[in-house]
Amino acid sequence: MFISGFLQKAENIIAKKKRMAEEQVFNKGIFEEVCRRYDLGKLNEVPMRETRGRINNIFRVQAWSGDYIMRAKELTEWEASQRAFEHKVTDFLYETGCPIETPYFLPNDEGDKITKIGALSVEVYRRLSGIPGDLRGDVSKTDIIRLAAQYHQAIQSFPKEVMPDKHESEYDQSGWLRERLDAIEERVRQDPKTKIDQVLGDNRRLIVSAYDLLKENVTPREAELPIHSDMHAGNIIIEGDKVKLIDFGSVRPGTKSGELWTESQTSPRKLSEIVETYREIGELSDEEVAHIRPEGIFRRLHGIRWTYEDMRGTDEKKASGLDYMIQGLKKSVKQFENQLAGLEN
């Protein structure tokens, strides 16, 4: 108990020091430099940090030329490549006249979307006016599913050759995920040290059987379009009768099935009702419907791997994240087994 309390206190102190350091980094000079590099004009007032954007350091910047959002973070190599793909997707939506308004990242004075200021990578886009759906309280799951169908229609002609070569939408044809899961299992079996090792050890058979269930019963489908991956009321902005979609930070090559699996997990509606709603707007084949439940197994397995190997945080937080993923995997396996038995509704 004492050790746990001490570690929590130390973690809080480190987090506080980090926040203080960030506040010192984001001084007026930084924002003036951003305004200069992106030709925004003079600052009208001191920029305000968006409360929902602490991880990515998101600020509202009001300048003479308009109202903007600035995103700034020290990026890893993978995050930088992900941002580059995000820019390609949002550029495509902007240039093709997507009926859903989305962010458009501005080029700086050298024509680049990202400006390096010290260790920070800075991006800017014009702020989308309106009220976030979660604050309005009237954006339903039906609205989100219809928006997903509209978005898929708008992005379906995105050039496949521009999509990253490595992605997670083909049910591990390369065998990379299985290799990582096997390596984790071997480590947990031979040298269990932490609580997360125990959680994985207790659920080792479930993970292996879920992977085998997927590989034995599903034919891989190639990633066909960039899916948003994070559609929820907080990422939808409403202005009058206009609907706008923000936060493409999780965009990835995928399938309609993958996008709809995410929605099916947070919706109280039956899968058949979700499919019916989607088909009111966009096309969805029976084969794509059949892949919605398998996507759940695949995403949970990737989530387990990521939580164990890449997630930052204390062992307690990781163990909590793993437990969440394990419970989700159990649910996804049960749903797919029901589908195979003809019991899906």
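Scroll up for the structure.
In this text, all values refer to a predicted model and were calculated from it rather than measured experimentally.

A few points about empty space enclosed by the protein
Right, so step 1: If you walk through the whole model with that rule in mind, you get one cavity of 30 Å³ or more.
Right, so step 2: Looking at the largest cavity, its volume works out to about 130 Å³.
Right, so step 3: Lining the largest cavity, in full, are R178, L181, D182, I184, E185, V188, L200, G201, R204, I207 and V208.
Right, so step 4: At the level of secondary structure, the elements contributing two or more residues to the lining of the largest cavity comprise helix 6 (176–190), helix 7 (195–202) and helix 8 (204–217).
Right, so step 5: Top contributing element to the lining of the largest cavity by residue count: helix 6, with six residues.
Right, so step 6: In terms of residue class, the lining of the largest cavity is made up of six nonpolar, one polar and four charged.

So, the packing of aromatic side chains
Right, so step 1: Summed over the entire model, instances satisfying the criterion amount to seven aromatic pairs.
Right, so step 2: On the basis of an interplanar angle of 75 degrees and a centroid distance of 5.4 Å, the ring pair of F92 and F158 is categorised as edge-to-face. In this pair, F92 is assigned in helix 3 (residues 77–95) and F158 in the loop between helix 5 (141–155) and helix 6, connecting sequence segments 66 residues apart.
Right, so step 3: What links up through ring pairs into an aromatic cluster is the set F26, F31 and F59.

Let's talk about the packing of helix 7 against helix 13 (residues 315–340)
Right, so step 1: The contact between helix 7 and helix 13 brings their axes to 8 Å, and the two run at 20 degrees. One finds that helix 7 runs roughly parallel with respect to helix 13. Pair helix 7 / helix 13 crosses with right-handed handedness. Two secondary-structure elements touch here, helix 7 through K195, I196, V199 and L200 and helix 13 through D315, K318, A319, L322 and D323.
Right, so step 2: Tallied by class, the residues present in the contact of helix 7 with helix 13 amount to five nonpolar, no polar and four charged.

Overview of the sheet that holds strand 4 (residues 115–117)
Right, so step 1: With antiparallel pairing, the five strands of this open sheet are ordered in space as 1-2-3-5-4. Of all the strands in the sheet, the pair left with one neighbour each is strand 1 (48–49) and strand 4.
Right, so step 2: Set on the sheet, helix 3 makes contact with strand 3 (66–73) and strand 5 (120–126); between it and strand 3 the angle comes to about 150 degrees.

The rules behind these values
Residues numbered from 1 in each chain as written. Predicted model: local features only at pLDDT ≥ 70, side-chain atom pairs only at ≥ 80, totals over all residues. Heavy atoms only, no water. 1 Å grid on protein atoms, 1.4 Å probe; cavity = no way out; pocket = protein on both sides within 12 Å on 5 of 7 lines; lining within 4 Å. Points joined across faces, edges and corners; volume = space filled by probe spheres on them. Helix = DSSP H or I, 4+ residues; strand = E, 2+ residues; numbered from the N terminus. Nonpolar A, V, L, I, M, F, W, Y, C, P; charged D, E, K, R; others polar. Phe/Tyr/Trp six-rings, centres within 6.5 Å; stacked < 30°, edge-to-face > 60°. Axes fitted to C-alpha atoms, helices over the stretch in contact; angles between N-to-C directions. Parallel < 35°, antiparallel > 145°, perpendicular 65-115°, else oblique. Left-handed = near helix turned anticlockwise from the far one by under 90°. Contact = heavy atoms within 4.5 Å. Pairing = 2+ DSSP bridges.

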